[in-house]
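# Structural overview for review
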Amino acid sequence: MQIVRLADILQVYRDINAMKRIALVDNATLTACQRLFGDAKVANLYNIDGDIAATEGLVQAFLLCDEVVCLDDYKEEYREQRQKRFDFIRFLAKDEVDYETSMNIAKKTTEDLSFRVRGHEIDNKAFVEFFDQLKA
């Protein structure tokens, strides 16, 4: 039986607490928050549940993480205004990260989650199987 020393436990606790917790939020989250706050105009009334969920996620990131960051790839004409509105977020320039590789990884990770309909047929086997199960 191995005896664990209190000093070892405390060191692990210090190591965990020394790690910086960083949350990465996307521009869609910030846009949802802006719609909810009335900063971004919408053409018509819509269901705001998604905007509320996105805002809750941003608040949680702010409360639970040491830093909140966002990739600074938003529309050029609104970029400065967005950075002022969300001044508690550190915006990362594209040259601070491997932008192209990051975008390719994100695309590859999410492409199977895409729901596509072509010629009135669902173009994703997983979704076809899901809807077929609902019919049964």
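Please refer to the structure higher up on the page.
Quantities reported herein were computed from a predicted structural model and do not represent experimental measurements.

Residues L36, F37, V42, Y46, I48 and I52 make up a contiguous nonpolar surface patch of about 450 Å² in total accessible area. Its location among the elements puts I48 in the loop between α2 (27-37) and α3 (49-64).

Glancing now at the packing of α2 against α3. The contact between α2 and α3 brings their axes to 8 Å, and the two run at 115°. Of the possible angle classes, the one that applies to α2 and α3 is roughly perpendicular. Here α2 runs over α3; the crossing is left-handed. In this structure, α2 contributes T29, L30, A32, C33, R35, L36 and F37 to the contact, and α3 contributes D51, I52, A54, T55 and L58. The residue makeup of the contact of α2 with α3, split by class, is eight nonpolar, two polar and two charged.

A few words on the pattern of salt bridges. All told, the structure shown has nine salt bridges when counted by the stated rule. For D66, the salt bridge is made with R21, and the minimal N-O distance between the two is 4.0 Å. Separated by 45 residues along the polypeptide, D66 in the loop between α3 and β2 (67-71) and R21 in the loop between α1 (6-18) and β1 (22-25) bring together distant segments of the chain. Residue class for D66 comes out partly exposed when judged on its relative accessible area of 44%. With relative accessibility at 38%, the residue R21 sits in the partly exposed group. Measuring nitrogen to oxygen at the nearest pair gives 2.7 Å for the salt bridge that ties D51 to R35. Residue D51 is found in helix α3, and its partner R35 is found in helix α2; the two are separated by 16 residues along the sequence. Each of the salt bridges in this network shares a partner with another, and the network as a whole consists of K20, E67, R90 and E96.

Another aspect to go through is the environment of K75. For K75, the position within the fold is in the loop between β2 and α4 (76-85). Of the residues examined, K75 reaches a relative accessible area of 48% and is grouped as partly exposed. Taking C-alpha positions, K75 is 9.8 Å from N27, a pair spaced 48 residues apart along the chain.

Here we take up the side chain of Q34. Tracing the sequence through the fold places Q34 in helix α2. We classify Q34 as buried; its relative accessible area is 9%. Those residues in contact with Q34 that lie beyond four places of it in its chain are D39, A40, R82, R85 and F86.

This part is about the pairing of β1. Burial along β1 is one-sided: the residues A23 and V25 are buried and none of I22 and L24 is. Note that β1 and β2 share four bridges and pair parallel. Looking at the pairing, V25 lines up with C70 of β2.

Cut-off values and rules
- Residues numbered from 1 in each chain as written.
- Predicted model: local features only at pLDDT ≥ 70, side-chain atom pairs only at ≥ 80, totals over all residues.
- Heavy atoms only, no water.
- Patch = residues over 30% accessible without salt bridge, like charges linked within 9 Å, V, L, I, M, F, W, Y side chains within 5 Å.
- Areas by Shrake-Rupley, 256 points an atom, 1.4 Å probe, with all protein chains shown as cover.
- Salt bridge = Lys/Arg side-chain N within 4 Å of Asp/Glu carboxyl O.
- Helix = DSSP H or I, 4+ residues; strand = E, 2+ residues; numbered from the N terminus.
- Axes fitted to C-alpha atoms, helices over the stretch in contact; angles between N-to-C directions.
- Parallel < 35°, antiparallel > 145°, perpendicular 65-115°, else oblique.
- Left-handed = near helix turned anticlockwise from the far one by under 90°.
- Contact = heavy atoms within 4.5 Å.
- Nonpolar A, V, L, I, M, F, W, Y, C, P; charged D, E, K, R; others polar.
- Buried < 20%, exposed > 50% of the residue type's maximum accessible area, 1.4 Å probe, protein only.
- Pairing = 2+ DSSP bridges.

These figures come from the coordinates and say nothing about function on their own.
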